[in-house]
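Residue strings, one per chain:
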Amino acid sequence: MTLSLGRFTWLGLLAAALVVGLDQASKLWLLYVFALPDKVPLHVLPGLDLVVVWNTGISYGLFPQTGPFGQWALLGLKVIAVLLLGIWLTRVDRRAGALALGLIIGGAIGNAIDRATFGAVFDFVLLYVATATWRFNWYVFNIADVAIVAGVVLLLWETLVAPDAAKAP
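Only a predicted model underlies this, so the values are computations on that prediction, with no experimental measurement involved.

The rules behind the values
- Residues numbered from 1 in each chain as written.
- Predicted model: local features only at pLDDT ≥ 70, side-chain atom pairs only at ≥ 80, totals over all residues.
- Heavy atoms only, no water.
- Core = buried A, V, L, I, M, F, W, Y, C linked by side-chain atoms within 4.5 Å.
- Buried < 20%, exposed > 50% of the residue type's maximum accessible area, 1.4 Å probe, protein only.
- Helix = DSSP H or I, 4+ residues; strand = E, 2+ residues; numbered from the N terminus.
- Contact = heavy atoms within 4.5 Å.
- Phe/Tyr/Trp six-rings, centres within 6.5 Å; stacked < 30°, edge-to-face > 60°.
- Lys NZ or Arg CZ within 6 Å of the ring centre and 35° of its normal.
- Salt bridge = Lys/Arg side-chain N within 4 Å of Asp/Glu carboxyl O.
- pLDDT = per-residue confidence, 0-100.
- Axes fitted to C-alpha atoms, helices over the stretch in contact; angles between N-to-C directions.
- Parallel < 35°, antiparallel > 145°, perpendicular 65-115°, else oblique.
- Expected span 1.5 Å × (residues − 1).
- Left-handed = near helix turned anticlockwise from the far one by under 90°.
- Polar contact = N/O pair within 3.5 Å; in protein donor to acceptor, adjacent residues only side chain to side chain.

Asker: Would you mind going over the nonpolar core with me for this structure?
Answerer: A general tendency of soluble globular proteins is for nonpolar side chains to be buried together. One finds Leu 85, Leu 89, Ala 98, Leu 101, Ile 105 and Leu 155 to be the most contacted residues of the largest nonpolar core, which totals 15 residues. Broken down by secondary-structure element, the contributors of at least two residues to this core are α1 (9-33), α2 (68-91), α3 (95-118) and α4 (143-161). Broken down by element, this core gets its largest block of residues, six residues, from α3. Beyond its immediate sequence surroundings of up to four residues, Ile 105 is in contact with Ala 16, Val 82, Leu 85, Gly 86 and Leu 89. Leu 31, Phe 122, Val 125 and Phe 141 belong to the second-largest nonpolar core, a separate cluster that totals eight residues.

Asker: I keep staring at the packing of aromatic side chains and nothing clicks. Help me out?
Answerer: One pair of aromatic rings is described through two measures. These are the centre distance and the angle between the planes. Throughout the structure, instances matching the rule amount to seven aromatic pairs. Here Trp 134 and Phe 136 contribute two aromatic rings whose centre-to-centre distance is 6.5 Å and whose plane-to-plane angle is 15°, an arrangement assigned as stacked. Residue Trp 134 is classed as partly exposed on the basis of its relative accessible area of 48%. A relative accessible area of 39% means that Phe 136 is categorised as partly exposed. A centroid spacing of 5.3 Å and a plane angle of 70° characterise the contact between Trp 138 and Tyr 139, whose relative ring orientation is edge-to-face. A network of ring pairs unites the aromatic residues Trp 54, Phe 118, Phe 122 and Phe 124 as a single cluster. In this structure, Lys 39 is placed above the aromatic ring of Phe 34, and the distance from its NZ or CZ to the ring centre is 3.8 Å. Looking at Arg 135, its charged tip hangs above the ring of Tyr 128, at a distance of 3.7 Å from the centre.

Asker: Which parts of the structure should I look at to understand the pattern of salt bridges?
Answerer: For side chains of opposite charge, pairing can occur when their charged atoms come near one another. Evaluated as defined, the whole model comprises four salt bridges. Note that Asp 23 is salt-bridged to Lys 27, the shortest N-O span being 2.8 Å. Of this pair, Asp 23 and Lys 27 both sit in helix α1, separated by four residues, roughly a single helical turn. Comparing Asp 23 with Lys 27 shows no difference in burial state: the two are buried. A salt bridge links Arg 94 to Glu 158; the shortest N-O distance between them is 2.9 Å. Highlighted residues: Arg 94 in the loop between α2 and α3 and Glu 158 in helix α4, separated in sequence by 64 residues. Note on Glu 158: relative accessible area 10%, which makes it buried. Linked through salt bridges whose partners overlap, the residues forming this network are Asp 23, Lys 27 and Asp 114.

Asker: When you look at the confidence of the model for the chain in this model, what are you seeing that I'm missing?
Answerer: Detailed reading of the predicted coordinates is not advisable wherever pLDDT falls low. Summing up the model confidence of the chain, the mean pLDDT is 90 and the portion of residues at 70 or higher is 90%. Taken element by element, the predicted model of the chain shows its lowest mean pLDDT in α2 (87) and its highest in α1 (98).

Asker: Whenever I open this one, the packing of α1 against α4 confuses me. Can you help?
Answerer: What describes two packed helices is the angle between their axes and the distance between those same axes. The N-to-C vectors of α1 and α4 enclose an angle of 150°; their axes lie 8 Å apart at closest approach. With respect to α4, the axis of α1 lies roughly antiparallel. Within the contact between the two elements, α1 uses Val 19, Leu 22, Asp 23, Ser 26 and Lys 27 and α4 uses Ile 143, Ala 144 and Ala 147.

Asker: Please clarify how α3 should be interpreted in this entry.
Answerer: Given 3.6 residues to a turn, an α-helix orients residues that are three or four positions apart in the same direction. In this model, α3 (24 residues) spans 34 Å end to end at C-alpha, consistent with the 34 Å of a helix rising 1.5 Å per residue. Where α3 terminates, the next one or two residues include Gly 119, which has phi positive at roughly 80°.

Asker: Just checking my understanding: could you explain the packing of α1 against α3 for this structure?
Answerer: The N-to-C vectors of α1 and α3 enclose an angle of 35°; their axes lie 7 Å apart at closest approach. In this structure, α1 crosses over α3, and the sense of that crossing is right-handed.

Asker: Can you walk me through the side chain of Asp 49 in this structure?
Answerer: Within the fold, Asp 49 resides in strand β2 (residues 48-55). Classification of Asp 49 by relative accessible area gives buried; the value is 2%. At 2.8 Å, the side chain of Asp 49 forms a polar contact with the side chain of His 43. Each residue touching Asp 49, except ones within four places of it in the same chain, is listed here: Pro 41, Leu 42, His 43, Val 44, Phe 124, Val 125, Leu 126, Tyr 128 and Arg 135.

Set out below in structure tokens:
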């Protein structure tokens, strides 16, 4: 069985590589150069803080795993997901789909590197809305998470809304 690459596979691979590079560079810089753990919470703008959260679970901290078995199981699931998305990427024949899959793959790899290295994913961006008597905190996230969400939104747009979408209204 041979693997043939689709016309836009290179675009997805480039997007994945850029996401992994930006994600890991930001995390390493914040942890070891800027020393964010010594400065948290760091107020950047109204409604935006940099914090340090070690996510031992999956998205939004669901199903936290503190033991090595659970952490390796989550890492294994991530590897399987990346492989399946990679196969899908080789079959995509549209730029938007390739870019979307590349963003998702890159984000998954970036967070998988954290899980393999630290046993948890390093999240650091906190968005919030605050008044004198009330505060709402959004989930804490990182660049890999942004890429995954952007990739999913782009896939949905391409499938449901784009002028030539398969399921366009």
